[in-house]
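So you can see what is in the structure, the chains are spelled out below.
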Amino acid sequence: MSDALPHPVSIAARGPLTGTIRVPGDKSISHRALMFSALAVGTSRIEGLLEGEDVLATAAALRAMGATIERRGDGVWQVDGVGVGGLLQPETALDMGNSGTSTRLLMGLVASHPITVTFTGDASLSKRPMGRVIEPLSAMGADITASPGGRLPLMVRGLCPAVPIDYTLPVASAQVKSAVLLAGLNTPGTARVIEPVATRDHSERMLAGFGAVLSVEETNEGRVISITGEADLQPQSITVPGDPSSAAFWLVAASIVPDSDVRIANVGLNPTRTGLIAALRMMGADITELDRRTVGGEPVADLHVRHAPLSAIEVPADLAPSMIDEYPVLFVAAAFAHGRTTARGAHELRVKESDRIAAMLAALTACGVTCEEYDDGLAITGSAGEAIAGGATIATQLDHRIAMSMAVAGLHSRAPIDLDDAAPIATSYPGFFSSLDILIGVVAGEAA
């Protein structure tokens, strides 16, 4: 994970993308499926788990705290949980690799257990501030010692019993919300999170499925999520839908590369995750939902996307929470649109695996695209469907989404785009290049 050697890759235009692929299991749901299964008493079964490095970091951490987690030969994962309150003191520090989700959610779990845990990570994760999670968990009684700037390495000394709190999110963040809810699982009384702007609700859906006493109320202050502690979670059988954040790269690639026609099977369409689809449709993208259904409490469909001319828009800021991870590839779509697209309202991009606004500004500018930077986004003048210049080496900054977004840009560039390091892609989409090979006709079949 954190010590992977750089893996440079060159991406050149190869003609239209055609065929059917499957994307990996949803990363957000995969993390939570492992964590909640580890806190249930009994054996849970997880099908379709994303086997990327971020999720494997979560699995390793939970094993270190007492859960039994095994991958069976048929690809199904089996988890024997320790029960809420049953996490054990790990013998060594927990290496989170590049995973901010693992770190923030596990900090929440540990905060209300009588154990002390040190969290470490790779160079990219160690630059990311954890203050937004430290604040509410400290209010619940956890003693947290962080490196300067609220960064990793950090140590969490849990308090049991912890103190239930009412916490209003100062910035829309599903990770901070989930950390408080997870701490609340082992806290007597009722903890409440108030989110003025709704964020992805996978934690709420899945916790209710595991038997937690949880309610969601719409108020004048926003959504109020309440969880009653000292929970008794029941083991479950979970099917993880395809990750919409991974599907995003092919939605944009097929939209910008002429004559493309792609079907992406089994994509999760939780309404808190579909902002990119809404934005692309506003731009004129041809995206159709097929065989819409419900899997494991989550809406799912196959997505059929065909090349279509894109037009510039002003991206509504209220879409930001439902597409925060997709902004880099939305910037790529804007680079091929007709006119000047403005995408703002995404302050959180500054503190992701990289400063994604600065990273994409540098990458697109190097490839001949005219951009203007704001503190919360970019304005991008598109090529009106023509190939962009390309011909640059991109500093991916240990960020999987920067790497994959610029790989998509290379599929419709006059000169190849070189990625200085494609290794981080394995954190969320290990089969990305296999999927690309299928869509450009190098190999036959489906890939995930």
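Look up: the structure comes first, before these words.
About the thresholds
- Residues numbered from 1 in each chain as written.
- Predicted model: local features only at pLDDT ≥ 70, side-chain atom pairs only at ≥ 80, totals over all residues.
- Heavy atoms only, no water.
- Helix = DSSP H or I, 4+ residues; strand = E, 2+ residues; numbered from the N terminus.
- Expected span 1.5 Å × (residues − 1).
- Buried < 20%, exposed > 50% of the residue type's maximum accessible area, 1.4 Å probe, protein only.
- Polar contact = N/O pair within 3.5 Å; in protein donor to acceptor, adjacent residues only side chain to side chain.
- Pairing = 2+ DSSP bridges.
- Axes fitted to C-alpha atoms, helices over the stretch in contact; angles between N-to-C directions.
- Contact = heavy atoms within 4.5 Å.

Re helix H7 (residues 244–256)
In step 1: When the terminal C-alpha atoms of H7 are compared, their 18 Å separation across 13 residues agrees well with the 18 Å that a helix rising 1.5 Å per residue should span.
In step 2: Here H7 lies mainly inside the structure; 13 of its 13 residues are buried.
In step 3: Regarding H7, its N-cap is Asp243, as a side-chain oxygen of that residue lies 2.8 Å from the backbone nitrogen of Ser245 further along.

Points about the sheet that holds strand E3 (residues 43–47)
In step 1: Strand order in this open sheet of four strands is E4-E5-E3-E14, and the pairing throughout is mixed. In this open sheet, the two edge strands, each paired with only one partner strand, are strand E4 (68–71) and strand E14 (237–239). Across the sheet, the axes of successive neighbouring strands diverge by a mean angle of 15°, strand direction being ignored.
In step 2: Sheet topology note: the E3/strand E5 (residues 77–80) ladder contains four bridges and is antiparallel. Paired with Thr43 across the two strands is Asp80, which belongs to E5.

Regarding helix H2 (residues 53–64)
In step 1: Helix length check: H2 (twelve residues) gives 16 Å between terminal C-alpha atoms against 16 Å at 1.5 Å per residue, within 8%.
In step 2: Of the residues making up H2, those classed as buried are Asp54, Val55, Ala57, Thr58, Ala59, Ala61 and Leu62.
In step 3: Looking at the buried side of H2, the elements it contacts are helix H1 (27–38), E4, strand E6 (94–95) and helix H3 (100–111).

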